[in-house]
Amino acid sequence: MYQIPRAEWYDLTRATNWTYSYVTEEEMFPEEMSGARGIPMEEWETYDEPYKVTYPEYVAIQREKDAGAYSVKAALERDAYVDRADPGWISTMIAHYGAIAVNEYAASLAEGRMARFAKAPGNRNMATFGTLDENRHGQIQLFFPHANIKRSRQWDWAHKAMQTNDWASIAARAFFDDIMLCRDAVAVSIMLTFGFETGFTNMQFLGLAADASEAGDHTFASLISSVQTDEARHAQQGGPSLKILIANGHKDEAQKLVDISIWRAWKLFSVLTGPIMDYYTPLEHRSQSFKEFMVEWIIIQFERQLADLGLDAPWFWEDLTNDLDVTHHGMHLGVWYWRPTVWWNPAAGAGPEEREWLEEKYPGWNKTWGKCWDVITDNLNNGREDLTLPETLPYVCNMCQLPIVGTPGNEWNVQDYPLEFEGRLYHFGSKADRWCFEQDPERYKEHQSLIDRFLSGQIQPADLPGALAYMGLGPGEMGKDAHDYAWAAAFKKQAEVA
Amino acid sequence: MAAFPINSNFQGDFVMQLVPVDTDDTMDQVAEKCAYHSVNRRVAPQPDKVMRVRLHNASDNFPRDMKVSDAGWRPTETLDIIFADQ
């Protein structure tokens, strides 16, 4: 049977606008869902997605991807890699699945919003595939860890984490709700796909895939690559939206949407990816430091992309660049110290050789972060584990919902950026976090951080065990040191030899 | 006498922490309560120094015997706890 060449019908099938006879355009595309911002339909019809795919092509490619990833998993399951992998790498996977898997389903809803409500036909077309992508990502990232539940209850947090009030879940939900579930279709295309996926998803998935291969975890590497190839396609939905906003006099708003999503994504990745890359991944398997990866994949890449679109680097660009030496070290130390509050076993990554690597990659680490780890190491080596466990809560930021951290030790500089708004005192971990709040206080003002919930009596009993119960952490789930303090003992051995 | 939450920013530490104090506490007692969650945990003790309390980024310390109820703080006020000679 003769088939019409793709080039002859493709544009027709993606131009799916029509003249409505039963409803008005406003009823068809309500502003709060579509976010057209007064830009006429003819302009949205110029939306030109850079990556074009047809449904038959999509299905064929996805089938191949799934077949590849699932067959690697099946083949290597007998190899029981998980049973002999470094505990730090196991923690990486458990943290990743809990933070990401269920949010992929949420991303499917965000793609669905664009698929239905975007005025740009090309965006609706791409988002239809994006909806299917994210659904696949949710399924595959729940199915793979499920095979390991027999090994530890922590693997079950792939599904459980986002249903709990764990502090990390509150932080992830606050971010994803903001950029993808509670925005109009145009804002979703910019904040989710351009701000978050173009840069940060690239980093989480490319960085992890590189580290997974290095660590010999081919199952995880193939899964991650399978997901990333979808991301690389559907992340391109934001660029054309930005071009239309800028061409129609909305550059300031386009810039603001980009800036908010980049900052918020940065904070989330500083707690998720930073510790994984610089502390959890075994030293011999690290491909780049988190800072090196951020500079190559985020700083340089975004600067180029923003300039190509006619946008400026975000106003906080210098702050973000400086924070590459600070924030993720603080997030890591916080996660490790408050380890009973997470669903994975944090790897301290602070043994003698690892500290040498940290000092080389982050000059000055030993006289700042190292000072805190010195006290911790001494306590562990003197039988005072109790002093390495928390008895109160860290103060968290009212925007990112993560601890307010800064440089410790000899160069102590921990800053709060408070704001009193309508009689309530808010605390923020950075100027940019406070700025995000100030752009739209109505959106954020009612949200209660973990500290707000604690102080308003929602957490009972009002102590740390009560907080752990509130977070849904049961026996066998609470984090402990991934290597049973072997890294601290290494210092003791070193001293004995000397 | 009532519980009063503050945001403790302890010199040398890397994180701010929620610390419950009492409205009858003096500044020295506030410093002690904050130190409990930082010193010997992530901050080395400085036995030859005293610990003083000041508003976040302020230059003046509160008098050591001043009570919380007289300090005019808002609940969850951010305070710097610093090592000083006196």
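The structure this text deals with has already been given above.
Calculation rules
- Residues numbered from 1 in each chain as written.
- Chains lettered and ligands numbered in written order.
- Predicted model: local features only at pLDDT ≥ 70, side-chain atom pairs only at ≥ 80, totals over all residues.
- Heavy atoms only, no water.
- Core = buried A, V, L, I, M, F, W, Y, C linked by side-chain atoms within 4.5 Å.
- Buried < 20%, exposed > 50% of the residue type's maximum accessible area, 1.4 Å probe, protein only.
- Helix = DSSP H or I, 4+ residues; strand = E, 2+ residues; numbered from the N terminus.
- Contact = heavy atoms within 4.5 Å.
- Pairing = 2+ DSSP bridges.
- 1 Å grid on protein atoms, 1.4 Å probe; cavity = no way out; pocket = protein on both sides within 12 Å on 5 of 7 lines; lining within 4 Å.
- Points joined across faces, edges and corners; volume = space filled by probe spheres on them.
- Salt bridge = Lys/Arg side-chain N within 4 Å of Asp/Glu carboxyl O.

Before we go on, may I ask you to explain the nonpolar core in this structure?
The nonpolar side chains of a soluble globular protein tend to be buried, and buried together. Residues and elements named next belong to chain A. In this structure, F200, L320 and W487 are the most contacted members of the largest nonpolar core, which totals 152 residues. With 16 residues, the top contributor of residues to this core is helix α14 (residues 251–280). With near-sequence residues (within four places) excluded, W487 lies in contact with W336, A348, A350, G351, P352, E354, W373, I376, T377, L380 and D481.

Before we go on, may I ask you to explain the pairing of strand β4 (residues 77–84) of chain B in this structure?
All names here are of chain B. Taking burial as the measure, the eight residues of β4 include eight buried ones, the bulk of the element. The two faces of β4 match: E77, L79, I81 and F83 on one face and T78, D80, I82 and A84 on the other face are all buried. Here strand β3 (residues 50–55) runs beside β4; their pairing, made up of six bridges, is antiparallel. Of the residues in β4, the one forming a bridge with M51 is F83.

How should empty space enclosed by the protein be read in this particular structure?
All names here are of chain A. This structure, assessed with the given rule, holds six cavities of 30 Å³ or more. If you add up the space inside the largest cavity, you get close to 230 Å³. Residue lining of the largest cavity: 16 residues in total, with K73, E77, V82, N148 and T219 positioned closest to the centre. Taken together, the elements giving at least two residues each to the lining of the largest cavity come down to α5 (55–77), α6 (81–84), α7 (87–117), α8 (121–146) and α12 (218–234). For the lining of the largest cavity, the element with the most residues is α5, which contributes three residues.

Can you walk me through the pattern of salt bridges in this structure?
Side chains bearing opposite charge may pair, as long as their charged atoms lie close to each other. According to the stated counting rule, one finds 36 salt bridges over all chains in the structure shown. Two residues, A:D178 and A:R183, come together in a salt bridge whose shortest N-O distance is 2.8 Å. A:R183 shares its class with A:D178; the two are buried. Where B:E77 meets B:R74, a salt bridge forms, and the shortest distance between an N and an O atom there is 3.0 Å. One salt-bridge network, held together by shared partners, links A:K65, A:D66, A:D133, A:R136, A:D230 and A:R233.

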